[in-house]
Structure formats: structure tokens, C-alpha cells
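# Reading the structure
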Amino acid sequence: MNFSPSEEEINFVNDALRKFNDEKVGPDNHLLLNIVEYDKDKNVIAGILGGTYWGWMHIDILWVDSKYRKQGLGSKLLQAAESEAKKRGCHSVHVDTMSWQAPDFYKKHGYKVIGQLNDIPLGNKKFHLIKNFN
């Protein structure tokens, strides 16, 4: 076993799985869905990073600079991303978040917890949430 595969080997494994998936259910048509927000000086102050595939939107990261939190910026980014996902034909969205991050934020926006991992890290939780657009 090689615990430090080359980029070429990593790409090979990714491509092999993609081919397998395509044969079983068709291409995922994955598209990035990334949005950033700037302050008046064009500094990045917030962003949402994710994508769309197989009719779903996924959120990898939603971040707002601490100076701009509690002002609706996270909600604005989330709503913009969801709107774009709907235009792309998505029916639902999923996200993972940690107990010290934003589970209540997502719940406030209609997301439902469908699973959790305990003690990651010790004494904390990781939540998996979804929201249906219909």
C-alpha cells in the first residue's frame, strides 16, 4: 500500500470511480457553485463554496468574516446559492456543519438534520442536514 500516492494515481482513482458511476446512473453533471462578497475596498468578507450534481446542491463551505456576522450576509449568500441551484434544476441541498459552527443557522433556513456523528472532535457533533426545494 502507498500512503502517499502521486497526483496521477489520485486522478486515476477519481476517474475510475467517475466512470463506474457514469455506467450505473449517468454523468453527475457537476458544476461548481461559488459566490463571494466584498467590502467597499474589494476585500473578500464572505463566501459560499459548493456545487450542483444529480439534482442536488451541496455546500462545502459557508463563511462570513467575524466583523460582518449577524448582519444577514450569510443568509443572502445562502439564498443566492439556492436560487442558482434551482435554476440548474436542483430539487434539494445538503450540507455538513459542526456543533460550534452553524446548525441553528441552517435550521432557521428550513434545513432538517438527517444524521449526526458524536465526539468529532471529542464532546462535539457533526450534523448532516438537507433541505428540499419543493
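Everything that follows concerns the structure shown earlier in this document.
Here the structure is a predicted model, which means the values were calculated and not measured.

As a further point, take the packing of aromatic side chains. The tally for this structure, following the rule as stated, stands at 3 aromatic pairs. These aromatic residues form a ring-pair network of at least three members: F105, Y106 and Y111.

Moving on: the layout of surface pockets. Vacant regions in the atomic arrangement are exposed by a probe of water-molecule size rolled over the atoms. There is about 670 Å³ of room inside the largest pocket. If you go around the largest pocket, you meet 24 residues; those closest to its centre are L62, R69, Q101, A102 and F105. Here the lining of the largest pocket gets 6 residues from one element, more than from any other, and that element is strand β3 (residues 56-64). Its residues assigned to classes, the lining of the largest pocket shows 12 nonpolar, 6 polar and 6 charged. Volume-wise, the second largest pocket comes out at about 150 Å³. What lines the second largest pocket is N14, L17, R18, N21, D22, G26, P27, D28 and W54. Partitioning the lining of the second largest pocket into residue classes produces 3 nonpolar, 3 polar and 3 charged.

Attention now moves to the sheet that holds strand β4 (residues 92-98). With respect to topology, 6 strands assemble into an open sheet ordered β1-β2-β3-β4-β6-β5, the strand pairing being mixed. The sheet terminates laterally at β1 (31-38) and β5 (112-118), the two strands that pair on one side only. Direction aside, neighbouring strands of the sheet carry axes that sit 20° apart on average. Inspection of the sheet shows β4 paired to strand β6 (residues 125-132) by 7 bridges, in the antiparallel sense. Residue pairing for β6: V95 is matched across the bridge by L129. Each of β1, β2 (44-53), β3, β4 and β6 is contacted by helix α2 (residues 73-87), which is oriented at about 160° to β3, the strand it contacts most.

Bringing empty space enclosed by the protein into the picture now. Under the definition given, this model contains 1 cavity of 30 Å³ or more. Computed from the structure, the largest cavity encloses a volume of approximately 30 Å³. In terms of lining residues, the largest cavity is bounded by L33, I48, L49, G50, G51, M57, H58, I59 and A81. The set of elements that each furnish at least two residues to the lining of the largest cavity consists of β2 and β3. Considering every element that reaches the lining of the largest cavity, the biggest residue donor is β2, with 4 residues. Residues that form the lining of the largest cavity fall into these classes: 6 nonpolar, 3 polar and no charged.

Each value, and the rule that gives it
- Residues numbered from 1 in each chain as written.
- Predicted model: local features only at pLDDT ≥ 70, side-chain atom pairs only at ≥ 80, totals over all residues.
- Heavy atoms only, no water.
- Phe/Tyr/Trp six-rings, centres within 6.5 Å; stacked < 30°, edge-to-face > 60°.
- 1 Å grid on protein atoms, 1.4 Å probe; cavity = no way out; pocket = protein on both sides within 12 Å on 5 of 7 lines; lining within 4 Å.
- Points joined across faces, edges and corners; volume = space filled by probe spheres on them.
- Helix = DSSP H or I, 4+ residues; strand = E, 2+ residues; numbered from the N terminus.
- Nonpolar A, V, L, I, M, F, W, Y, C, P; charged D, E, K, R; others polar.
- Pairing = 2+ DSSP bridges.
- Axes fitted to C-alpha atoms, helices over the stretch in contact; angles between N-to-C directions.
- Contact = heavy atoms within 4.5 Å.

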